[in-house]
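# A look at the structure
If you want the building blocks of each chain, they are given just below.
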Amino acid sequence: MSKIIVVTSGKGGVGKTTSTGALGAALAQQGQKVAVVDFDVGLRNLDLVMGAERRVVYDLINVAQGDAKLHQALIRDKRLPNLFLLPASQTRDKDALTEEGVERVINELRGRFDCVICDSPAGIERGATLAMRFADVAVVVANPEISSVRDSDRIIGLLDAKTVHAENGEGIEKHLLLTRYDAGRVARGEMLSVEDVLEILSIPLLGIIPDNEEVLRASNVGAPIVLHNAACAPARAYNDAAQRLCGVDLPMCIHSDQKSLFRKFFGRRAA
Amino acid sequence: MNLLSFLGRRATAPVARERLQILLAHERKSACNSDLIAILHKEVLNAVSKHIAIDPDKVDVSMHRRDLISMLEIDIAIEPSVVDDKFRERAALVGRF
């Protein structure tokens, strides 16, 4: 049974695209056949984060409008043979996406993949509502910061009102992915804690991704963090989150990199 | 930053938490009420349109909430001619009795 997952947040810059790439790669590494779909028409970035920007020929809109076949637009990842990318269009307008077109593409993807991860654009407009429209599961990405939490609350309201599952009265499965978490600042009372955010948003927690320099290094070189450095704290956190998405019951923890004093001083390298 | 200001720094996360809780309690309530507004909007218009013709584009509904009172405001623009006709009808009826 294939699963359609939307990665959404309302607010921009919280880590939707990074999380889509990381969860997609982690699920693919676990043996699932995965497609990551960029819904950010006009501002596509998933191709960059996945390191496939020079291989884009056709895109989501071409397929939705019937100008290209799905297999022509899908880009196979060079590192993981069962990971595919369906890029967004960079030149077209957001209005070029129609609900019927998206439904057709999603249904076709359903037949071919175990898992389809839709990277939603920021905002609450058409692009975001279309990305979530046919989803079975929503991953709400939030930073422990007031504007992000407020926007997540708004997106949760939209998920409960505008998705097909919600309209059918089944309700949609929602999970919180807390990114850019700094346990040190939380301990010093400078940052909202996991408990604070969970109490406010009251949806189940999928994972806590620690704020970590390695995430930027991974995007610099166009590799999902779990492929770039599987041992680093955020990669381990994304791997845990991906397992939880598959129903594995893992205890929640905040991963951290234990650096030796020597590495702290001399271990820095340019990337 | 000197040592004194470092020691004197207060935790800001609880402030963020409290602000969010108040704000979201308010926003969630208004989200639920938007349905109520839609229902009131429709029913009030139905009631009014039984008596006079109204242009749906010239109706403005809004809800204001203050600490103690909530106010539903419905502005319906009515063409002067419609009012005059109704007034004349009424006057004729009254004149008959």
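Residues numbered from 1 in each chain as written. Chains lettered and ligands numbered in written order. Predicted model: local features only at pLDDT ≥ 70, side-chain atom pairs only at ≥ 80, totals over all residues. Heavy atoms only, no water.

Assigned secondary structure in chain B consists of 3 helices and 2 strands. If you list the helices and strands of chain B from N to C, you get α-α-β-β-α. Counting the 97 residues in chain B, one finds 12% classified as buried. Nonlocal contacts in chain B, meaning residues at least 24 apart in sequence, comprise 34% of its contacts between residues at least 6 apart. (Helix = DSSP H or I, 4+ residues; strand = E, 2+ residues; numbered from the N terminus. Buried < 20%, exposed > 50% of the residue type's maximum accessible area, 1.4 Å probe, protein only. Contact = heavy atoms within 4.5 Å.)

Right, let's talk about the pairing of strand β2 (residues 34-38) of chain A for a bit. Residue and element names in this part refer to chain A. Buried residues dominate β2, accounting for 5 of its 5 residues. Judged by which residues are buried, β2 turns out to be covered on both faces: Val34, Val36 and Asp38 on one side and Ala35 and Val37 on the other are all buried. Pairing between β2 and strand β5 (residues 115-119): 5 bridges, direction parallel. Residue pairing in the sheet places Ala35 in a bridge with Val116 of β5. (Pairing = 2+ DSSP bridges.)

All names here are of chain B. Taken as a whole, chain B shows an average pLDDT of 74; of its residues, 68% reach a score of 70 or greater. For chain B, the element scoring lowest by mean pLDDT is helix α1 (residues 3-8), at 56; helix α2 (residues 13-49) scores highest, at 80. The ipTM for the predicted assembly is 0.79, set against a pTM of 0.79. (pLDDT = per-residue confidence, 0-100.)

Frequently, the measure chosen for interface size is the accessible area removed from exposure when the parts meet. Listed by partner, the interface residues are 13 residues for chain A and 14 residues for chain B. Together chain A and chain B conceal approximately 1,200 Å² of surface at their shared face, both sides included; 56% is due to carbon and sulfur atoms. On the chain A side of the contact with chain B, Ile146, Arg150 and Ile200 of chain A bury the most area, a combined 44% of that side's loss. There are 4 salt bridges connecting chain A and chain B. Between Asp196 of chain A and Arg17 of chain B there is a salt bridge, with its nearest N and O atoms 2.6 Å apart. Applying the counting criterion to the chain A and chain B interface returns 8 residue pairs in polar contact (both at pLDDT 80 or more). Among the elements of the structure, α7 (146-162) and α10 (194-201) of chain A are those that each provide at least two residues to the side of chain A that touches chain B. In the side of chain A that touches chain B, the residues fall into 6 nonpolar, 1 polar and 6 charged. (Buried area = accessible area lost by both parts, 1.4 Å probe. Salt bridge = Lys/Arg side-chain N within 4 Å of Asp/Glu carboxyl O. Polar contact = N/O pair within 3.5 Å; in protein donor to acceptor, adjacent residues only side chain to side chain. Nonpolar A, V, L, I, M, F, W, Y, C, P; charged D, E, K, R; others polar.)

Okay, the side chain of Lys16 of chain A next. All names here are of chain A. Relative to the helices and strands, Lys16 resides in helix α1 (residues 16-29). Of the side chains with opposite charge, Asp119 lies nearest to the buried Lys16, which makes no salt bridge, at 6.2 Å. From its side chain, Lys16 meets the backbone oxygen of Lys11 in a polar contact 3.0 Å long. In this view, Lys16 contacts Val7, Thr8, Ser9, Lys11, Asp119, Ser120, Pro121, Ala122 and Val141; residues no more than four positions away in its chain are not counted. (Lys, Arg positive; Asp, Glu negative; His and termini not counted.)

Before going further, it helps to spend a moment on the packing of α1 of chain A against helix α13 (residues 233-245) of chain A. Residue and element names in this part refer to chain A. Interaxial distance between α1 and α13 falls to 9 Å at its minimum, and their mutual angle equals 65°. Here α13 runs roughly perpendicular to α1, going by the angle between their axes. At the point where α1 passes α13, the crossing takes the right-handed sense. Together, Thr18, Ser19, Ala22, Leu23, Ala26, Leu27 and Gln29 of α1 and Tyr238, Asn239, Ala241, Ala242 and Leu245 of α13 make up the contact between the two elements. (Axes fitted to C-alpha atoms, helices over the stretch in contact; angles between N-to-C directions. Parallel < 35°, antiparallel > 145°, perpendicular 65-115°, else oblique. Left-handed = near helix turned anticlockwise from the far one by under 90°.)

So, on to α1 of chain A. All names here are of chain A. Taking 1.5 Å as the rise per residue, α1 with 14 residues should run 20 Å; its terminal C-alpha atoms sit 20 Å apart, in good agreement. Burial within α1 is extensive, with 12 of its 14 residues counted as buried. Among all positions of α1, only Lys16, Thr17, Ser19, Thr20, Gly21, Ala22, Leu23, Gly24, Ala25, Ala26, Leu27 and Ala28 are buried. Gly31 sits one or two residues past α1 and shows a positive phi near 105°. (Expected span 1.5 Å × (residues − 1).)

With that settled, the discussion passes to the nonpolar core. Residue and element names in this part refer to chain A. Val6, Phe39, Leu86, Leu97, Val105, Leu109 and Leu159 are the most contacted members of the largest nonpolar core, which has 54 residues in total. In terms of residues, this core owes the most to one element, α7, which gives 5 residues. One finds Ile225, Cys232, Tyr238 and Ala242 within the second-largest nonpolar core, a separate group that totals 36 residues. (Core = buried A, V, L, I, M, F, W, Y, C linked by side-chain atoms within 4.5 Å.)

Looking now at the environment of Pro204 of chain A. Residue and element names in this part refer to chain A. Position of Pro204 relative to the elements: it lies in the loop between α10 and β8 (205-210). Among the residues examined, Pro204 registers a relative accessible area of 47% and is labelled partly exposed. Distance in space between the C-alpha atoms of Pro204 and Ala64 is 33 Å, their sequence separation being 140 residues.

Okay, the pattern of salt bridges next. All names here are of chain A. For the structure on display, the rule yields 16 salt bridges over all chains. Across the pair Glu190 and Arg185 runs a salt bridge, and its minimum N-O distance is 2.8 Å. According to the relative accessible area criterion, Arg185 is partly exposed, its value standing at 36%. Relative accessible area serves as the criterion here: at 24%, Glu190 is assigned to the partly exposed category. Via salt bridges that share partners, Glu99, Arg133 and Glu167 belong to a single interconnected network.

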